[in-house]
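# Coordinates in review
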Amino acid sequence: RKNVERITTSSHALDDLLGGGLETQSLVEAFGEFGSGKTQLGHQLAVNIQLPKEKGGLSEPDKVAQAVYIDTEGTFRPERIIQIAKGSQIDPDSALRNILFIRAYNSDHQINIVKRLPSLIHEGRNIRLLVIDSITAHFRAEYVGRSNLAERQQRLNQHLRDLLKLATVYNIAVYVTNQVMAKPEGFFAIDQQAVGGHVLAHAITYRIFMRKGKDRTRIARLIDAPHLPEREAIFRITEEGIRD
Ligand code: GTP
Ligand code: MG
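Figured I'd write up the structure that's included with this text. As the structure is a prediction and not an experimental result, all values here were calculated from the model. (Residues numbered from 1 in each chain as written. Chains lettered and ligands numbered in written order. Predicted model: local features only at pLDDT ≥ 70, side-chain atom pairs only at ≥ 80, totals over all residues. Heavy atoms only, no water.)

## Remarks on the packing of helix H2 (residues 38-48) against helix H3 (residues 78-87)
- Viewed as axis vectors pointing N to C, H2 and H3 meet at an angle of 55°, and their least axial separation amounts to 9 Å. In terms of axis orientation, H2 runs oblique to H3. For the pair H2 and H3, the crossing hand works out as right-handed. Each of Gln40, His43, Gln44 and Val47 in H2 lies in contact with H3, whose residues at this interface are Arg80, Ile81, Ile84 and Ala85.
- For the contact of H2 with H3, the class distribution of residues is four nonpolar, three polar and one charged. (Axes fitted to C-alpha atoms, helices over the stretch in contact; angles between N-to-C directions. Helix = DSSP H or I, 4+ residues; strand = E, 2+ residues; numbered from the N terminus. Parallel < 35°, antiparallel > 145°, perpendicular 65-115°, else oblique. Left-handed = near helix turned anticlockwise from the far one by under 90°. Contact = heavy atoms within 4.5 Å. Nonpolar A, V, L, I, M, F, W, Y, C, P; charged D, E, K, R; others polar.)

In structure tokens:
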């Protein structure tokens, strides 16, 4: 993969876990129980993408890097963006302006928003990060029962292929969340075989399992990463955002 770039999470430990930050041309799935920090990391990344390159973002002197934030659960909080922006020395108003917020009302809507993103990019928007929080909620709500599982997985896999293509063609980072019960076993949104296959041999997916630790810490474990060891990082969620 050529021209891969990296975005800081504002935690050195978490950056190290990911091999130096969140990569463009890849899809990162944060999964874990409620309150484990998946949404907070999405907010942090939507701000950090706007930092200059030397500070861990992807902005250039004359070109601010922007994020698209697809919210399916109604948990995006502009006030939190303002706090995090202040913590990252970014003007809060411009931080909000450079996050294109879209509420997705059902899985069809979510899929279609992603399919329309290339036209936004072709209009000249410098989109370098896509956040989907959560990628699975609508699919879970709409496809209930065993008889619908196969169709759900098929549509989700197609959606993931759309995302990986977007990431590679436009050199953007894709961060998605997926709420699961406390154990890493069980339901995974991303089936590496089904999604990757031969078509997308160059796209990479990372899975981070997140859980609550002692004293308000959070623990992230990288699972099944192609070139990185399986290990853990500890971070905190502070008033200013994610920190070591
Ligand atoms: P679900 O979406 O329910 O699956 O959870 P999640 O993994 O998205 O959790 P989220 O990222 O929302 O993390 C929630 C936790 O972040 C809270 O329990 C707080 O510890 C922390 N948090 C959220 N907002 C703030 C804030 O404004 N200030 C501080 N200091 N911490 C916050
Ligand atoms: Mg959340």
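## Some words on the pattern of salt bridges
- For the structure on display, the rule yields twelve salt bridges.
- Glu5 serves as the salt-bridge partner of Arg128, at 2.7 Å between the closest nitrogen and oxygen. Here the residue Arg128 occupies a position in strand E6 (residues 127-133), and Glu5 occupies one in the segment before strand E1 (6-7), the gap between them amounting to 123 residues.
- Judged by its relative accessible area of 9%, Arg128 falls in the buried class.
- Lys53 is paired through a salt bridge with Glu60; the nearest N and O atoms lie 3.7 Å apart.
- Accessibility expressed as a relative area gives 36% for Lys53, which makes it partly exposed.
- Each of Glu5, Lys53, Glu60 and Arg128 takes part in one network of salt bridges that share partners. (Salt bridge = Lys/Arg side-chain N within 4 Å of Asp/Glu carboxyl O. Buried < 20%, exposed > 50% of the residue type's maximum accessible area, 1.4 Å probe, protein only.)

## Structural notes on H3
- Taken residue by residue, H3 has Arg80, Ile81, Ile84, Ala85 and Gly87 as its buried positions. Along the axis of H3, the buried residues cluster in a sector spanning 155°; they form a single face.
- Summarising the contacts, the buried residues of H3 are in contact with H2, helix H4 (92-97), strand E5 (99-103), strand E10 (232-238) and strand E11 (241-243).
- Just past H3, the residue Gln89 takes up positive phi, approximately 55°. (Arc of directions from axis to C-beta.)

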